[in-house]
Amino acid sequence: MSKQKTILFACGTGIATSTAVNVAVTEAMKKRGLTFNAQQAKATEVPGLADSVDFIVATTPISASVTKPVIKGLAFLTGIGKDKVLDEIEAQLRK
Amino acid sequence: MSDGLMQLLDPEAIVLGSDASTNEEIIRILAGRLEALGYVKSSYADAVVRREMTIPTGLPLERADNVAVPHTDPEHVLKPGIAMGTLKQPVTFANMEDPDEKLPVGFVFLLAINDRDKQIEALQSVMETIQNPQALDGLRSASNLDDVRAVLG
């Protein structure tokens, strides 16, 4: 794998939901042998931060002006469809 | 199941079988408990209600009674705590991921979070509960604190 990638976790406040998702993804990726740098932000801050990260995992809608890949992270809160989202994240990390 | 949740879930901030008929009503009932117990400032309730309108927190669980996790910015929080309400009849919250979609919600976890690094465990245990259909069924039929402890214990 090339240099460590950075994931930006975004939610409404940048504190509660994105923390839960960050922890869930970090643990799941560790099991798959992958590590990454993590940042957290409010959804409204994403357009200003997107350039410095590789992709975004968000639980709330993200401005269409963001050109980096945005992966929907709600599955980590509901548990529904989690494996599929983990596969998407793994694919982005292995790019 | 997970002690993290009972650590932050104040027994005095648990409302079972609420008659609230709107999302704002149940948020204000629970926020009132958190305020009376010294967890949040008087500005918290309005801030959560306002935020829920623009950045909703309903979580679609493919059930007739889904979950919502309303919360707001840390500046309104004095110390970390969680209030929980179960509803006699579901009330409507919008879907966090798709605010145009309305969800019937039967369980509300109102979060007062101000330090993400210290509250990870509590957040995880909320998520574990949300993702455990048996736990939610148990909470729905809980009529007193002992029932809640038996589920979340």
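In every chain, residue numbers begin from 1 and rise along the written sequence. Throughout, the order in which chains and ligands are written sets their labels, letters from A for the former and numbers from 1 for the latter. Under the rules for a predicted model, residues below a pLDDT of 70 receive no local features and side-chain atom pairs below 80 are neither given nor counted, while totals for whole chains, interfaces and linings still include all residues.

Draft legend 1. Examining the environment of A:Cys11 more closely. Only runs of H or I of at least four residues qualify as helices and only runs of E of at least two qualify as strands under DSSP, and these elements are numbered from the N terminus. The topology assignment puts A:Cys11 in strand S1 (residues 6-11). Contacts are defined on C-beta atoms placed from the backbone: any two residues whose C-beta positions lie within 7 Å are in contact. Filtering out sequence-adjacent residues up to four positions away, A:Cys11 remains in contact with A:Ala16, A:Thr17, A:Ser18, A:Ala43, A:Ala58, A:Thr59 and A:Thr60.

Draft legend 2. Here's a closer look at the packing of helix H2 (residues 23-36) of chain B against helix H3 (residues 44-54) of chain B. Residue and element names in this part refer to chain B. Each axis is a line fitted through C-alpha atoms, taken for helices only over the stretch in contact, and angles between the N-to-C directions span 0 to 180 degrees. It is at 9 Å that the axes of H2 and H3 come closest, and there the two elements cross at 150°. By the criterion of interaxial angle, the relationship of H2 to H3 is roughly antiparallel. Of the two elements, H2 crosses H3, and the hand of that crossing is right-handed. For the pair formed by H2 and H3, the contact residues are Asn23, Glu24, Ile27, Arg28, Ala31, Gly32, Leu34 and Glu35 on the first element and Tyr44, Ala45, Val48, Val49 and Glu52 on the second. Each residue gets one of three labels, nonpolar for Ala, Val, Leu, Ile, Met, Phe, Trp, Tyr, Cys and Pro, charged for Asp, Glu, Lys and Arg, and polar for the others, Gly among them. Of the residues assigned to the contact of H2 with H3, the class counts are seven nonpolar, two polar and four charged. Note on terminology: angles under 35 degrees are roughly parallel, angles over 145 are roughly antiparallel, angles of 65 to 115 are roughly perpendicular, and the others are oblique. Handedness of each helix crossing follows the sense of rotation of the near helix against the far helix: counterclockwise by less than a right angle gives left-handed, clockwise gives right-handed.

Draft legend 3. Main features of unusual backbone geometry. In this model, B:Glu62 sits at a positive phi of 60°, which is unusual for a non-glycine residue. Tracing the backbone shows B:Glu62 in the loop between strand S2 (58-59) and strand S3 (66-68).

Draft legend 4. The interface of chain A and chain B, seen in detail. With 16 residues of chain A at the contact, the number on the chain B side is 22 residues. Where the side of chain A that touches chain B is concerned, the elements lending two or more residues are helix H1 (16-31) and helix H3 (75-78) of chain A. Sort the elements by how many residues they give to the side of chain A that touches chain B and H1(A) lands first, with four residues. For the side of chain A that touches chain B, the per-class residue count stands at eight nonpolar, seven polar and one charged.

Draft legend 5. Up close: the environment of B:Ala83. All names here are of chain B. Tracing the sequence through the fold places alanine 83 in strand S4 (residues 81-94). The class for alanine 83 is buried, based on 29 C-beta atoms found within 10 Å. Spatially, the C-alpha atoms of alanine 83 and alanine 13 are 4.7 Å apart, while their sequence positions differ by 70 residues. Excluding its chain neighbours within four sequence positions, the residues that come into contact with alanine 83 are Asp10, Ala13, Leu30, Arg33, Leu34 and Leu110. To assign burial, the other C-beta atoms lying within 10 Å of each residue's own C-beta are counted, with C-beta atoms placed from the backbone; 20 or more indicates buried, 12 or fewer indicates exposed, and intermediate counts indicate partly exposed.

On their own, these measurements won't tell you what the molecule is for.
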